[in-house]
Amino acid sequence: MTTGLEPWLRARQGPMTQELLLKPADFGLGQLPTRLHPDATADTVCGFCSTGCGLRAHLNSAGEAINLTANPTYPVNQGMACPKGWEALAPLHAADRATEPLQRDGTGELRPANWPSAIAAFVERFKSIQQRHGNAAVAVLSTGQIVMEEMALLGALAKFGMRLSHLDSNTRQCMATSHVAYKQSFGFDAPPFAYSDFEESDVLFFIGANPCIAHPILWQRVMMNRRNPKIVVLDPRATETAMAATLHVPLRPKSDLTLLYGLAHLLVLRDAVDHAFVDAHTSGYEAFAAFVSRFTPQVVSASTGISAETLERLCSLIADHERVSFWWTMGVNQGHESTRTAQAIINLALMTGNIGRRGTGANSITGQCNAMGSRLFGNATSLLGGYSFDRVSDRAHVASVLGIDAALIPDAPSLAYDQIVDGIERGEIRGLWVIATNTAHSWIDQNRFRRLREKLEFLVVQDMYATTETAQLADLVLPAAGWGEKDGVMINSERRIGRVRKVSRAPGQALNDFAIFKLIAAAWGCGDLFTEWSSPEATFQLLKRLSAGRPCDFSGIRDYAHLDELGGIQWPFTERDALLTENEQGRRKNSEGGAPPPERSGANPAILPASGPSHPHSTFSILPSPLAAPNAPRKGRRLFEDGRFFTPDERARFYFDAPREPPEMPDSEYPFFLLTGRGSSAQWHTGTRTNKSEVLRRLAPRELYVEINPADAERLKLGQGVGVRVESRRGHALAVVLITPTVQPGQVFMPMHFETVNQLTFPAFDPHSRQPSYKACAVRIGRVANP
């Protein structure tokens, strides 16, 4: 019997009940609320970090994404996603999206404008600067966040069309070191590993890396390792990864180069060197062995604070195991001697033969989603495809492929990011175009860049949001589409080229970056150079031709659909590889007595049998990977299995230099070493996108904090959560105290995602890669009434 009160006590109808009611959905998506039942799905690749996870967008009848899930068939993440991936659609619907061009008027305010007037102002102001001060007086700061076709078009437009001299990207802040280290040691920027190596190592060394937080899906791949591996973390701080490790080595900040040389010395003494590999496939070992002889356990212990017993244990972990892999990220790359530190890691892999085999390698985990694409096709310090600006034959070849006059291609590479900033200070650069990066927040010694903005005659910012710190300084803001609102490809850390799909419409008048670049080319008067660059996929075909014959050859990729069919494709993938793939699929068809089952988008059949090198200067072979089902994930491919590298004599090089102290050490006035890094897996870079998600904001710290050791907190009489002023010689930041033993006495840690942190950092740069050293500077701490 129903009483008159029951409808009030238990509602059976209404929005809340209907919204929460789950019903079976199509496409194998399980139970979903009716409002989220899709009419179709489309596979894409995540646009946050370099892991390159596959996501499955759920589309309504209009083709717009209403939800997404992790792609269960994609070989990278195998149905997993970190918080950022699950929330990837949220930034697209933020209230502060830039929806129309904005132009600063005579009163100093940014006012709405239309596209014709915005493009006209862009061309008029930048051409005026070039006419008065020379072509080099306008520069570009780009990004590793846009798709490869866009960054290639930007690089070609800037250098060949607009005749600018200097273009660099925020990849300089994260991956320049690995680029230079690989190029010098291997002859090409070639990360050698596959993600399957996480699962196949006996020992994994993580040096300046915290994959638990920075690359959570890759950490899950480590947890899938069935070889009961030993996990070693070299990091001053007891990070989340360090807490899960077999051995955490809390070395002093920026003493890792000395430690790595000391390990090499112990390996030489123990004769744990793979002499057959070294003799056949490397150059410079004898000089390196002589060099490291001075790094005795006593010397290393005094410099690093690590005991001789721990050093011997580390040596044994390398010497006594068959498969040892070495992994590094920003803790290495962002240092004052970062290139030689990365190469010290490479040297350990080379001298022990831990490269080109399963579960081995000197492996740099990339930062941004398309930093690898930027390194190969950004057209900054390397010509498109990794060619050289200063080589006549390279310029002639690129010009021939693109159908342009070789005289349009500069004969020298661009200045690096920090050198562009220096050029602004000297008055040599008067105009700046910033695309999809937030320099006013992220650049080291932040206050200096903001002061230098006054020296610019014209600043253009092209971004999804007009609210970033850099956009707020601009004279002109061009509203751009973001990930999920454009088509193209990205290259992840294991060299896998993955497809990015348009699954949402950009708001208002916002355009994808590709379209903006085409508009500028036409207005500048150089549009005829880019006739063949008619669409992202047409541009991909151009880049394919540029890659042919290079170590990064992907000329065997037919088109975007081919990437869908194979779950992304690792380079190199030549035309011969494509033919072998087709033959393998035919063999499978014949062995099964009929056609193989149809494969959904993103499926992962085995690519090739083991067949040896498929390119005259390629040094990879395809790993045989018999699979139980055609959609099971592939194991992946690695480089250098035959010991042939990309140098002229096909030998890897040993590089080394004497360690140097950090340029700013703690002293009596500024007694603490400041460490910086990622704060949580829910935060990304400057928070431009992650802060738009309520879910991610709830998962991440709401206010800036500083981690301090209990002994230091007691000495300074600081309690948990009290407000403090963290001050360096360059600026200050207000934070709350987090007392924790994860940092050592004399050290403090702050997450990089908060704006004021880079007011503290010291502007030191590695001499080879020009990468900034964000990870170490001197600060002092004082209590304040309110943070």
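Residues numbered from 1 in each chain as written. Predicted model: local features only at pLDDT ≥ 70, side-chain atom pairs only at ≥ 80, totals over all residues. Heavy atoms only, no water.

(A) Geometry of the overall build of the protein chain. Looking only at helices and strands, one finds 28 helices and 30 strands in the protein chain. Over its C-alpha trace the protein chain gives a radius of gyration of 26 Å, about what one expects of a compact globule, namely 28 Å for 787 residues. Seen through its principal axes, the protein chain has C-alpha atoms that stretch 85 × 75 × 75 Å. Put simply, the protein chain has 787 residues, and 61% of those count as buried. Taking contacts inside the protein chain between residues at least 6 apart in sequence as the whole, the part at least 24 apart equals 72%. Surface exposure of the protein chain reaches about 28,000 Å², of which carbon and sulfur atoms provide 52%. Counting 80 positive and 80 negative side-chain charges, the protein chain places the centres of these two groups 2 Å from one another. (Helix = DSSP H or I, 4+ residues; strand = E, 2+ residues; numbered from the N terminus. Rg over C-alpha atoms; globule rule 2.2 N^0.38 Å. Buried < 20%, exposed > 50% of the residue type's maximum accessible area, 1.4 Å probe, protein only. Contact = heavy atoms within 4.5 Å. Areas by Shrake-Rupley, 256 points an atom, 1.4 Å probe, with all protein chains shown as cover. Lys, Arg positive; Asp, Glu negative; His and termini not counted. Charge placed at Lys NZ, Arg CZ, Asp CG, Glu CD.)

(B) A look at the pattern of salt bridges. Tallied over the full model, the rule gives 45 salt bridges. As a salt-bridge pair, Arg729 and Asp667 come within 2.6 Å of each other at their nearest N and O atoms. With Arg729 in the loop between strand 27 (723-727) and strand 28 (732-739) and Asp667 in the loop between strand 24 (652-653) and strand 25 (672-677), this residue pair connects regions lying 62 residues apart in the sequence. Owing to a relative accessible area of 40%, Arg729 belongs among the partly exposed residues under this scheme. The residue Glu727 makes a salt bridge to Arg725 at a minimum N-O spacing of 3.6 Å. Through salt bridges with shared partners, a single ionic network connects Asp197, Glu200, Arg358, Arg638 and Glu641. (Salt bridge = Lys/Arg side-chain N within 4 Å of Asp/Glu carboxyl O.)

(C) Expanded view of the domain arrangement of the protein chain. For the protein chain, the domain assignment lists domain 1 (6-88), domain 2 (102-171 + 388-427 + 446-458 + 475-535), domain 3 (176-364), domain 4 (548-635) and domain 5 (672-783). A separation of 37 Å is found between the C-alpha centroids of domain 2 and domain 3. Listed per partner, the contact involves 5 residues of domain 2 and 6 residues of domain 3. Counting each side, the surface lost to burial between domain 2 and domain 3 is near 520 Å², with a carbon and sulfur contribution of 41%. Among the residues domain 2 hides against domain 3, the three largest losses belong to Ser493, Glu494 and Arg495. Together they make up 80% of the total. Counting across the domain 2 and domain 3 interface gives 0 salt bridges. (Domains from an automatic or database assignment. Buried area = accessible area lost by both parts, 1.4 Å probe.)

(D) Main features of helix 6 (residues 176-186). Burial analysis of helix 6 places 9 of its 11 residues in the buried class, the great majority of the element. At its buried positions, helix 6 is contacted by strand 14 (324-328), helix 16 (330-333), helix 17 (338-351), strand 15 (361-364), helix 18 (371-377) and strand 24. Downstream of helix 6 by one or two residues, Gly187 has phi in the positive range, about 90°.

(E) The arrangement of the sheet that holds strand 9 (residues 166-169) in detail. Overall, mixed pairing links the 7 strands, which are arranged 7-6-18-17-16-8-9 in an open sheet. Both edges of this open sheet fall to strand 7 (110-112) and strand 9, since each of them pairs with a single strand only. Put simply, the sheet's adjacent strands are angled 15° from each other on average, direction ignored. As paired elements, strand 16 (residues 431-435) and strand 17 (residues 458-463) share 5 bridges and run parallel to each other. Note that in strand 17 the partner of Gly431 across the bridge is Phe458. In this fold helix 20 (residues 417-425) packs onto strand 8 (138-142), strand 9 and strand 16, with an angle of close to 130° to the strand it touches most, strand 9. Contacts from helix 23 (residues 513-524) reach strand 16, strand 17 and strand 18 (476-479), with the element oriented near 150° to strand 16. (Pairing = 2+ DSSP bridges. Axes fitted to C-alpha atoms, helices over the stretch in contact; angles between N-to-C directions.)

(F) Expanded view of the packing of helix 11 (residues 256-269) against helix 17. Contact geometry for helix 11 and helix 17: axes closest at 9 Å, N-to-C directions at 20°. Between helix 11 and helix 17, the interaxial angle falls into the category roughly parallel. Judged by the sense of rotation from one axis to the other, the crossing of helix 11 with helix 17 is left-handed. Where helix 11 abuts helix 17, its residues Asp256, Leu257, Leu260, Tyr261, Leu263, Ala264, Leu267 and Val268 lie against Arg340, Thr341, Ala344, Ile345, Leu348 and Met351. (Parallel < 35°, antiparallel > 145°, perpendicular 65-115°, else oblique. Left-handed = near helix turned anticlockwise from the far one by under 90°.)

(G) How the structure looks around the packing of aromatic side chains. For the coordinates displayed, the defined rule picks out 33 aromatic pairs. The ring of Trp524 is capped by Lys127, whose NZ or CZ atom sits 5.2 Å from the centre of that ring. Note that Arg550 overlies the ring of Tyr387, its terminal NZ or CZ placed 4.0 Å from the centroid. (Phe/Tyr/Trp six-rings, centres within 6.5 Å; stacked < 30°, edge-to-face > 60°. Lys NZ or Arg CZ within 6 Å of the ring centre and 35° of its normal.)

(H) Representation of the nonpolar core in the model. The biggest cluster of nonpolar side chains holds 128 residues, and the ones touching the most others in it are Phe122, Phe205 and Trp433. Not counting the four nearest positions on each side in its chain, Phe205 is found in contact with Val232, Leu234, Leu314, Leu317, Ile318, Val324, Ser325, Phe326 and Trp327. Core analysis: the next-biggest nonpolar cluster, separate from the first, contains 45 residues, Cys46, Trp219, Ala245 and Met464 among them. (Core = buried A, V, L, I, M, F, W, Y, C linked by side-chain atoms within 4.5 Å.)

(I) Representation of the packing of helix 6 against helix 17 in the model. Here helix 6 crosses helix 17 at 45°, and the two axes come no closer than 9 Å. Classed by the angle they form, the pair helix 6 and helix 17 counts as oblique. Two packed elements cross with a definite hand, and for helix 6 against helix 17 that hand is right-handed. Each of Thr177, Val180, Ala181, Tyr182, Gln184, Ser185 and Phe186 in helix 6 lies in contact with helix 17, whose residues at this interface are Ser338, Thr339, Arg340, Ala342, Gln343, Ile346 and Leu350. Looking at the contact of helix 6 with helix 17 residue by residue, the class counts come to 7 nonpolar, 6 polar and 1 charged. (Nonpolar A, V, L, I, M, F, W, Y, C, P; charged D, E, K, R; others polar.)

(J) How the structure looks around the pairing of strand 4 (residues 54-59). Of all 6 residues in strand 4, 6 are buried, a share of seventy percent or more. Because side chains alternate across strand 4, one face comprises the buried residues Gly54, Arg56 and His58, and the other comprises Leu55, Ala57 and Leu59, equally buried. Looking at chain direction, strand 4 and strand 5 (residues 65-70) are connected through 5 bridges and run antiparallel. The partner of Ala57 across the bridge, within strand 5, is Leu68.

(K) Inspection of unusual backbone geometry at higher detail. Cis geometry marks the peptide bond from Trp571 to Pro572; its omega dihedral reads 0°. By the secondary structure assignment, Pro572 is in the loop between strand 21 (569-570) and helix 26 (575-591). Positive phi, normally seen in glycine, also occurs at Ala436, with a value near 55°. Among the secondary structure elements, Ala436 is positioned in the loop between strand 16 and helix 21 (439-442).

(L) Molecular detail of the state of the cysteines. The full count for this structure, using the stated rule, is 0 disulfides. Here Cys53 is not disulfide-linked; the sulfur of Cys49 is the nearest cysteine sulfur, at 6.2 Å. Of all cysteine sulfurs in the structure, the one in Cys174 sits closest to Cys777, which takes part in no disulfide; the separation is 20 Å. Residue class for Cys777 comes out buried when judged on its relative accessible area of 1%. (Disulfide = S-S within 2.5 Å.)

(M) The sheet that holds strand 4, seen in detail. Read from one edge to the other, the open sheet built from 3 strands follows the order 3-4-5, with strand pairing classed as antiparallel. In the strand order of this sheet, the two ends are held by strand 3 (40-45) and strand 5, each with one partner. Mean inter-strand twist for the sheet, computed between neighbouring axes without regard to direction, equals 30°.

(N) Highlighting the side chain of Thr304. Here Thr304 lies in helix 14 (residues 297-304). A polar contact of 3.2 Å, which involves the side chain of Thr304, links it to the backbone nitrogen of Ile306. Those residues within four positions of Thr304 in sequence are excluded, and the remaining contacts are Leu251, Arg252, Ser255, Thr258 and Leu259. (Polar contact = N/O pair within 3.5 Å; in protein donor to acceptor, adjacent residues only side chain to side chain.)

(O) Summary view of the confidence of the model for the protein chain. Scored by pLDDT, the protein chain comes out at a mean of 91, with 92% of its residues at no less than 70. Segment residues 595-633: pLDDT under 50, and 125 contacts once partners within four positions in sequence are set aside and those in other chains are kept. (pLDDT = per-residue confidence, 0-100.)

(P) The environment of Asp105, seen in detail. Following the sequence through the fold, Asp105 ends up in the loop between strand 6 (102-104) and strand 7. Given the relative accessible area of 28%, Asp105 is considered partly exposed. The sequence separation of Asp105 and Leu476 amounts to 371 residues, and the corresponding C-alpha distance is 9.7 Å.

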